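Spelled out, the chains give:
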Amino acid sequence: MTRPTLYVFDFDGTLTHCDTFPLFAYRVVGRWHWWLTLLRFLPQLAGMKLHMVDNSRLKERVMTRLFGGRSEEEMAAHCRALAETSDTLWRPGAVQLLNRLTHEGQKVVVVSASLGCWVRPIVHRRYPQASIIATEHATDEKGQWTGTFRTPNCYGAEKVKRLKEAFPERDKYHVVAYGDSRGDRQLLAYADEAHYRTL
């Protein structure tokens, strides 16, 4: 019996032509604040590139600086607004493939290190049937963003871990994965069929 296929996609740079984190930050704090924040963290960003600084911890520090103390309602509104203007973000090849898979009724999963609060509305605006696995943000007792994560950063090996949790019966699926960066290597290795920078 032929196994059903599970199509798994990274989001930023794979389905989209750019990283959506800066676009979200522009919307929330403005470009000037975003670039000043990057300058402030430049030494740590360089350390991350050299594998001397942990990706997840640095990401939380940057998000705390940018978004900490903002209300859930405000941030949800920014996520919806980004989704409403997201049509130009998609790679044409990705749209063509996802349209076909959706028409065929295939199982599509998007696995992203970006925050689910904006990945989910962007993807579901076009493909409401897709499953979303992403990093999830944390809020405090007042409903304000802390800048930290409620789930582990969905990057590298964590992508495989989260996919296994969502679809534990690995032998029942033929897994086809698409990715474009170092953070997707473990996911691509896990797949039966891997596509690197092909959309």
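Residues numbered from 1 in each chain as written. Predicted model: local features only at pLDDT ≥ 70, side-chain atom pairs only at ≥ 80, totals over all residues. Heavy atoms only, no water.

Caption draft 1: Expanded view of the overall build of the protein chain. Within the protein chain, the regular secondary structure consists of nine helices and seven strands. Taken along the three principal axes of its C-alpha coordinates, the protein chain extends 55 × 35 × 35 Å. Taking the contacts inside the protein chain whose residues are at least 6 apart along the sequence as the reference set, 65% of them involve residues at least 24 apart. If the 28 positive side-chain charges of the protein chain are averaged to one point and the 22 negative ones to another, these points end up 4 Å apart. (Helix = DSSP H or I, 4+ residues; strand = E, 2+ residues; numbered from the N terminus. Contact = heavy atoms within 4.5 Å. Lys, Arg positive; Asp, Glu negative; His and termini not counted. Charge placed at Lys NZ, Arg CZ, Asp CG, Glu CD.)

Caption draft 2: Examining the packing of helix α1 (residues 20-29) against helix α5 (residues 72-84) more closely. Between α1 and α5, the least distance of the axes is 10 Å, while the angle of their chain directions is 125 degrees. As summarised for this structure, α1 and α5 are arranged oblique, according to the angle between their axes. Crossing of α1 over α5 shows right-handed handedness. The segment α1 lies against α5, with Leu23, Phe24, Arg27 and Val28 engaging Met75, His78, Cys79, Ala81 and Leu82. (Axes fitted to C-alpha atoms, helices over the stretch in contact; angles between N-to-C directions. Parallel < 35°, antiparallel > 145°, perpendicular 65-115°, else oblique. Left-handed = near helix turned anticlockwise from the far one by under 90°.)

Caption draft 3: Highlighting the state of the cysteines. Under the counting rule described, the total for this entry stands at zero disulfides. Free cysteine: Cys79, not disulfide-bonded; nearest cysteine sulfur from Cys117 at 3.6 Å. Owing to a relative accessible area of 16%, Cys117 belongs among the buried residues under this scheme. (Disulfide = S-S within 2.5 Å. Buried < 20%, exposed > 50% of the residue type's maximum accessible area, 1.4 Å probe, protein only.)

Caption draft 4: Structural context of the packing of aromatic side chains. Overall, the coordinates contain twelve aromatic pairs when judged by the stated rule. Here the aromatic rings of Tyr26 and Trp34 are separated by 6.3 Å at their centres, their planes lie at 80 degrees, and the arrangement is edge-to-face. In this structure, Tyr26 and Trp34 share a single accessibility class: buried. Among the aromatic residues, ring-to-ring pairing joins Phe21, Phe24, Tyr26, Trp34, Phe67, Trp118 and Trp145 into one connected group. Cation over ring: Arg170 sits above Tyr190, and NZ or CZ is 4.8 Å from the ring centre. (Phe/Tyr/Trp six-rings, centres within 6.5 Å; stacked < 30°, edge-to-face > 60°. Lys NZ or Arg CZ within 6 Å of the ring centre and 35° of its normal.)

Caption draft 5: Summary view of the sheet that holds strand β3 (residues 131-135). One open sheet holds the five strands; their spatial order is β3-β2-β1-β6-β7, and the pairing between them is parallel. Taken across any chain shown, the strands that pair with only one partner, and hence form the sheet edges, are β3 and β7 (193-196). Here the average twist between neighbouring strands, direction ignored, is 15 degrees. Inspection of the sheet shows strand β2 (residues 107-115) paired to β3 by five bridges, in the parallel sense. Counterpart to Val110 in the pairing with β3 is Ile132. (Pairing = 2+ DSSP bridges.)

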